[in-house]
Amino acid sequence: MAIQDLDGLLAGGRAAGRRVFVRADLNVPLARGRPSDDTRIRASLPTLRKLLSGGARVVVASHLGRPKGEPRRDLTLRPVAARMAELLGTAVGFSEHTVGPAAEQRVAELENGQILLLENLRFHPGETANDADFAQALAALCDVYVNDAFGTAHRAHASTAGIAAVVPEVAAGDLLQAELRHLAVVRDPARPLLCLLGGAKVSDKLAVLEALAPHADVLAIGGAMAYTFLAAKGEPTGSSRVEADRVEDARRVLAAVERAERRLLLPTDHLVAEALEVGAPTRIVKEIPPGWMGLDIGPETAAAYAQEARTARTIFWNGPMGVFEIDDFAHGTETVALGVAESPGTSVVGGGDSLAAVNKLDLGSRIDHLSTGGGASLEFVQGLELPGVTALDR
Ligand code: ADP
Ligand code: MG
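Since this is a predicted model, take the numbers as computed values, not measurements. (Residues numbered from 1 in each chain as written. Chains lettered and ligands numbered in written order. Predicted model: local features only at pLDDT ≥ 70, side-chain atom pairs only at ≥ 80, totals over all residues. Heavy atoms only, no water.)

Observations regarding the layout of surface pockets
Okay, step 1: Computed from the structure, the largest pocket encloses a volume of approximately 720 Å³.
Okay, step 2: Considering the residues around the largest pocket, the lining is formed by 36 residues, among which Gly199, Ala200, Lys201, Lys205 and Asp353 are closest to the centre.
Okay, step 3: Counting residues per element, the ones that place at least two in the lining of the largest pocket are helix H9 (202-212), strand S14 (293-297), helix H14 (352-360) and helix H15 (374-381).
Okay, step 4: At five residues, the largest contribution of residues to the lining of the largest pocket is made by H9.
Okay, step 5: Tallied by class, residues from the lining of the largest pocket come to 13 nonpolar, 16 polar and seven charged. (1 Å grid on protein atoms, 1.4 Å probe; cavity = no way out; pocket = protein on both sides within 12 Å on 5 of 7 lines; lining within 4 Å. Points joined across faces, edges and corners; volume = space filled by probe spheres on them. Helix = DSSP H or I, 4+ residues; strand = E, 2+ residues; numbered from the N terminus. Nonpolar A, V, L, I, M, F, W, Y, C, P; charged D, E, K, R; others polar.)

Here's the deal with the site of ligand 1
Okay, step 1: Lining the immediate environment of ligand 1, one finds 18 residues, of which Lys205, Gly294, Glu325, Asp353 and Ser354 sit closest.
Okay, step 2: Separating an oxygen atom of ligand 1 from a backbone N or O atom of alanine 200 is a distance of 3.1 Å.
Okay, step 3: Within the backbone of alanine 224, a nitrogen or oxygen atom sits 3.3 Å from a nitrogen atom of ligand 1.
Okay, step 4: Bound to the protein, ligand 1 loses 85% of the 580 Å² it would expose on its own.
Okay, step 5: Assessed atom by atom at 2 Å from the grid points, ligand 1 resides in the largest pocket.
Okay, step 6: The dominant element in the shell around ligand 1, judged by the number of residues it contributes, is H14, at three residues.
Okay, step 7: Of the residues belonging to the shell around ligand 1, the class tally is six nonpolar, nine polar and three charged. (Near = heavy atom within 4 Å. Polar contact = N/O pair within 3.5 Å; in protein donor to acceptor, adjacent residues only side chain to side chain. Areas by Shrake-Rupley, 256 points an atom, 1.4 Å probe, with all protein chains shown as cover. Sits in = over half its atoms within 2 Å of the grid points.)

This is the structure we're talking about:
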């Protein structure tokens, strides 16, 4: 693949005076009209700073929430522009119009090293439809296109795919580059590669499991999805969350792993309760009794997975090992997270809840890469092409 990076774009002052459209991920949570978590705004700054100091005229665009193709006052990006200005320490213009003559006028007023944020891309139905006219309207705002929104790179939208096909020059931003660099390590890993998969639903992650099964040296499964696998092996699961219509699929994954002579680890003990409730009495069991549900991997399993993490040379982790939001059910996730943090190997953690778990434990700085794009990272490590990345390949 030949994807230009920012250094290429900025070389020899080439970006000075040019209108650079940056597709960023500014999809932040809002509370009372202000960003309640500005992590994504902060993450977008390195690319923006580089372009601004290179003298570019920067036009930033993003989606926010799911307005379904219509303007919604509660989903305006205006408060994001205000927060971005505070963080950048410079004025950030805001265009109420995403495209069209008014937006073009605002862009035309930019001077070198100035920045403008456009209104929510998804106020227009053409964005998610990857409509050619909407992509053209976005392209009319710029000379160069930069994609820095990894989290939406697995979607072929007007601002991630359509625009890239019609703008003369394209490049990947620093955030996107970093994601691709780290996730490429999982695609082509130093071995052994340990994949830790957990979370709520097998159905969400079945395709990933199937793709990773022959690729990973060790596949360690926790979270609710473990019980569908235990059911596939004919083990008792009590009233744990089992996806009955996926048991057959789980059996297929088990068979694929066996054929590939890889190791698939399932919990050998469980923390169970009779209800998913704060304060519910819990027990540690090897076999789940009728009427009890698994809410976390047990201490023996957690220690075994953590030990795998300490000896792995590459780790990819997606999905918590239990209902970590409740402290009583967070021990398994905590023990495994510590093992991942202590591993000398390269560690990549992805997924919204997985990142929340790692951050709650304050272990973020000891993980090599925290992937911002859950869905996109899962598709990429499976070896799938991401439309937003392919569109940058010239
Ligand atoms: P991510 O966002 O990291 O991709 P998921 O969304 O797939 O992760 O799964 C996270 C959710 O899975 C959490 O809300 C957690 O409470 C839930 N979960 C984990 N283990 C269990 C379990 N044993 N029973 C029910 N829910 C579980
Ligand atoms: Mg989630």
